[in-house]
Amino acid sequence: MSGKLVRLVCTVAMAAGALLVPPPAAAVPGAEPGGRTVAQQLTDLQRLYREAEKATETYNATAEKLTKQRAEVARLDRELALARRSLHDSRIAAGRLARQQYQDSTEISAYVRLLLARNPQQALDQGHVIGQLARERVEAVGRLTASEKQAGELDRRARRALDEQLALAERQRKDRDDVQARLKDVEKLLASLTPQQLAALGELEKKGTAAAQQRLMASGVLSGERRPSRKGARALRYAVRQLGKPYRWGAEGPKSYDCSGLTSQAWARAGTPIPRTSQEQWARLPRIPLKKLRPGDLVIYFPEATHVAMYLGEGMMIQAPRTGETVRVSPLASYPILGAVRPDRRHKNA
């Protein structure tokens, strides 16, 4: 993505964002009713947002495990059905041989029949047939035993897998309730604030982000701008097309996204599937220093890796920020940076 296009995206996104930010209050006292300053209120609100996002990523992780577990249960059920069919066929074969053995049984041994036979060659031929039937019987019993063992083991595994699926479904329900409770805490705090307080909070947060961004850019860590890889450019183009779509927890598009839903879908569309959650993206994808950051790379935020965004270039990133907001372009230093990862990194020094 060229620098000109990056600047165009940033300009349009920032202009749209400015229309959505309420103007600052004419005068904001140092302390609000109840003894809470604007800075303290902002700290409380940001903490609640982080807790909600952490709960969202926990929910996403459980949902991903549940999807995989359902697939495993379905696979085991198919294998169990085949094993039971094989067991049924083995039982039929064993029963047929048992009836044949009963019909052909005699109290005279094959050795005695050979001694008494008028035609020894015919007796030998009959003995060969009897031996062949005995071998078939042994093989049939072996197949039956193996089929019973396989069916029994698959049945136990299928039961365990189903129990785990049910446990994950219950955990997902609890995770969902936790997210909803956290969001209610955010709504409760926002509802308690006046329009003037909300404007003051927005202005203070904006100033804090600007100061953090200035420090980041002044550090020189982003001085060596790099071009995106081919897949990185594809992922970035997908993310740019999602600008303006609403944030919704647990969403992976195409109409709405949460933070890791946006990044995982963008890279999946680029042909490189990555983990669903920000924690797993941080844990499993190759890490890179910020000085090697290039457009398309993912930036992870907060000590617990509870937020993720995609680097756009020139110190900006694309993110699905939080409930009530839309996918937008933001300064890279909007939150405390934990580190960066590169989904398509092939070599350590790339």
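Look a little higher up for the structure.
This is a predicted model, so every value here is computed, not measured.

With that settled, the discussion passes to helix α5 (residues 195-218). For α5, which comprises 24 residues, the first-to-last C-alpha distance of 35 Å matches the rise-based estimate of 34 Å (1.5 Å per residue) to within 8%. Along α5, the positions that sit buried rather than exposed are Q197, A199, A200, L201, T209, A212, Q213 and L216.

One pass over the full model with this rule turns up three aromatic pairs. Residues Y59 and W249 carry aromatic rings whose centres are separated by 4.9 Å and whose planes lie at 80° to one another, so their mutual orientation is edge-to-face. Of this pair, Y59 sits in helix α2 (residues 38-104) while W249 sits in the loop between α6 (230-241) and α7 (259-269), placing them 190 residues apart in sequence. A residue is classified by how much of its surface remains accessible, and Y59, at 16% relative accessible area, is buried. Each ring, one from Y301 and one from Y335, has its centre 5.4 Å from the other, and the planes form 80°; the classification is edge-to-face. With Y301 in strand β2 (residues 298-301) and Y335 in the loop between β5 (328-331) and β6 (337-341), the pair connects residues that are 34 residues apart, well separated along the chain. Accessibility expressed as a relative area gives 14% for Y335, which makes it buried. An aromatic cluster is built from Y301, F302 and Y335, whose rings are joined through pairwise contacts. For R287, the ring lying beneath its charged end belongs to W282, and the centroid distance is 3.7 Å. A cation over a ring is seen here: R322 above Y49, with NZ or CZ 4.2 Å from the ring centre.

Let's shift gears to the pairing of β6. Here strand β1 (residues 287-288) pairs with β6 via two bridges, running antiparallel. By the bridge assignment, I288 is partnered in β6 with A340. As paired elements, β2 and β6 share four bridges and run antiparallel to each other. Paired with I300 across the bridge in β6 is G339.

Reading the values: rules and limits
Residues numbered from 1 in each chain as written. Predicted model: local features only at pLDDT ≥ 70, side-chain atom pairs only at ≥ 80, totals over all residues. Heavy atoms only, no water. Helix = DSSP H or I, 4+ residues; strand = E, 2+ residues; numbered from the N terminus. Expected span 1.5 Å × (residues − 1). Buried < 20%, exposed > 50% of the residue type's maximum accessible area, 1.4 Å probe, protein only. Phe/Tyr/Trp six-rings, centres within 6.5 Å; stacked < 30°, edge-to-face > 60°. Lys NZ or Arg CZ within 6 Å of the ring centre and 35° of its normal. Pairing = 2+ DSSP bridges.

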